[in-house]
Amino acid sequence: MDELNTTAEKIRTMEIRGAGRIAVAASAALRDYAMSLRALPMDEFNIRVEEAARTLVDTRPTAVSLPNAVALTKRHTATNVPDAIEEISGNAERFIKNAGEALGKIGRIGAERIRDGDVIMTHCNSHAALSIIKTAFDQGKDISVIATESRPRRQGFITIRELNDHGIPTTLIVDSAVRLTMKKVDLVVVGADSISVNGALINKVGTSQLALAAQEARRNVIVAAETYKFSPRTLLGEMVEIEDRSSDEVIDPQVLKRLPNVKVSNPAFDVTPAEYIDLIITEVGAFPPAMAFTVIKDYLGLELAL
Ligand code: RUB
């Protein structure tokens, strides 16, 4: 369980972060752990796999990619341990391969929406969103990006480094400059931590401000999301939990200690209603948010809701 706990800790502390990356890391960790249980009897094996799955899922609550990846990886119909390990390994290989290929497909489908000369605003650091932007650039489109800082963890700095290394002209802005800057933007491209059955997007806190400002300025908002970022459990009425992180990410704890009347709230994600989203680009096509149910039913499977 040591290696699995190490992966879980890396996800919790955000050394591994981003909905796609945590899903792939969790799937691989579960596969490796299952393979280490070869000597156990079947019922003990199943109990340990369930425990490990819970450990991984409990690390961060918002990105549905994590429980989806774990559920898709751990399921098996075997009656003996070697067969169960084979099924779980196969599930993990398939999930990891599909996740990698999905990024390329999203890039190609999404790039169709980017025109020559477009200025694109993005938020946080999303590999799926960056795949669209980089693909459009690689197609020879003369584009530039406005990237938000994305306080408090400043994932925007990862984004600007990636864009810089790709040769894409990029402007960094602080989060509070989003509305003012929207005038210069042609469209917004962001990633997703979860998409609920009503088409609402849950992504890094501040995403809904980009969407609001985009709607006010009549700009399109495009979400880049692999199908495993859709949340089957929202079909049962479950809400996506918004992660509340430590105040230490926002203010020096020593400073806060001297301010007895002040507390800090640090929600890590927010909800953008479907009305603010024009299109969701997945690896199986571009959908309006109203089609979220179809994506869940046809590409994830309703059994994942249970
Ligand atoms: C990351 C974030 C990203 C999505 C999508 O939040 O909100 O936009 O996870 O990313 P955090 P990707 O840094 O808190 O994990 O497209 O890479 O899966």
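Residues numbered from 1 in each chain as written. Predicted model: local features only at pLDDT ≥ 70, side-chain atom pairs only at ≥ 80, totals over all residues. Heavy atoms only, no water.

A. Spotlight on the overall build of the chain. Along the chain, the regular secondary structure elements total eleven helices and ten strands. Taken against the 2.2 N^0.38 rule, which gives 19 Å for 306 residues, the C-alpha radius of gyration of the chain at 20 Å falls within 12% of a compact globule. For the chain, the C-alpha atoms occupy an extent of roughly 65 × 55 × 40 Å along the three principal directions. Residues classed as buried in the chain amount to 52% of the 306 residues present. For the chain, long-range pairs separated by at least 24 residues make up 77% of all intrachain contacts whose partners lie at least 6 apart in sequence. Carbon and sulfur atoms make up 51% of the accessible area of the chain, which amounts to about 14,300 Å² in all. (Helix = DSSP H or I, 4+ residues; strand = E, 2+ residues; numbered from the N terminus. Rg over C-alpha atoms; globule rule 2.2 N^0.38 Å. Buried < 20%, exposed > 50% of the residue type's maximum accessible area, 1.4 Å probe, protein only. Contact = heavy atoms within 4.5 Å. Areas by Shrake-Rupley, 256 points an atom, 1.4 Å probe, with all protein chains shown as cover.)

B. Region of interest: the nonpolar core. Of all hydrophobic cores here, the largest spans 35 residues; its most connected members are M121, M182, V188, I195, V223 and F230. For this core, the secondary structure elements donating two or more residues are α4 (65–74), α5 (81–111), β1 (119–122), β4 (187–190), α9 (207–216), β7 (220–224) and α11 (292–300). With residues up to four places along the chain from it excluded, the contact list for F230 reads V64, N68, I195, A225, I280, T282, A292, V295, I296 and L300. Listed in part, the 28 residues of the second largest apolar core include A29, L56, A63 and V81. (Core = buried A, V, L, I, M, F, W, Y, C linked by side-chain atoms within 4.5 Å.)

C. Highlighting the site of the ligand. Among the 18 residues in the neighbourhood of the ligand, the closest are listed as R17, G20, S126, D193 and K204. At 3.1 Å, a backbone N or O of A128 approaches an oxygen atom of the ligand. In the environment of the ligand, an oxygen atom lies 2.8 Å from a nitrogen or oxygen atom belonging to the side chain of Q155. Alone, the ligand offers 460 Å² of accessible surface; in the complex the protein occludes 99% of this. Built from parts of two domains, the shell around the ligand gets at least three residues from each of domain 1 (2–101) and domain 2 (106–305). (Near = heavy atom within 4 Å. Polar contact = N/O pair within 3.5 Å; in protein donor to acceptor, adjacent residues only side chain to side chain. Domains from an automatic or database assignment.)

D. A look at a nonpolar patch on the surface. Judged by side-chain polarity, L235, L236, F293, L302 and L306 come together as a nonpolar surface patch covering roughly 480 Å² of accessible area. On the secondary structure map, L302 appears in the segment after α11. Under the relative-accessibility criterion, L302 is labelled partly exposed at 37%. (Patch = residues over 30% accessible without salt bridge, like charges linked within 9 Å, V, L, I, M, F, W, Y side chains within 5 Å. Salt bridge = Lys/Arg side-chain N within 4 Å of Asp/Glu carboxyl O.)

E. Just the sheet that holds β1, in detail. Pairing is mixed in the open sheet, where seven strands are placed in the order β3-β2-β1-β4-β7-β9-β10. At either end of the open sheet lies a strand with only one pairing partner, and these are β3 (170–173) and β10 (285–287). Strand after strand, the sheet turns through a mean of 25° between neighbouring axes, direction not considered. Pairing of β1 with β4 involves two bridges; the strand directions are parallel. Bridging from a neighbouring strand, I120 pairs with L187 of β4. Contacts from α9 reach β1, β2 (144–148), β4 and β7, with the element oriented near 160° to β4. (Pairing = 2+ DSSP bridges. Axes fitted to C-alpha atoms, helices over the stretch in contact; angles between N-to-C directions.)

F. Here's a closer look at the environment of T7. Positionally, T7 belongs in helix α1 (residues 2–12). Assessed through its relative accessible area of 15%, T7 is described here as buried. Through-space distance from the C-alpha of T7 to that of V240 is 23 Å; in sequence the pair is 233 residues apart. The contacts of T7, once residues within four sequence positions are left out, are I16, A25 and A29.

G. Main features of the pattern of salt bridges. Within the structure shown, the criterion is met by 19 salt bridges. Between E162 and K134 there is a salt bridge, with the nearest N and O atoms lying 3.1 Å from each other. Of the two residues, E162 sits in helix α7 (residues 156–165) while K134 sits in helix α6 (residues 127–138), which places them 28 residues apart along the sequence. Judged by its relative accessible area of 19%, E162 is buried. A salt bridge links E249 to R153; the nearest nitrogen and oxygen atoms lie 2.7 Å apart. You can see E249 sitting in the loop between β7 and α10 (253–257) and its partner R153 sitting in the loop between β2 and α7, a full 96 residues away along the chain. What makes E249 buried here is its relative accessible area of 15%. If you follow the salt bridges from partner to partner, you end up with R60, R153, E243, R245 and E249 in one network.

Spatial relationships are all this shows, so hold off on functional conclusions.
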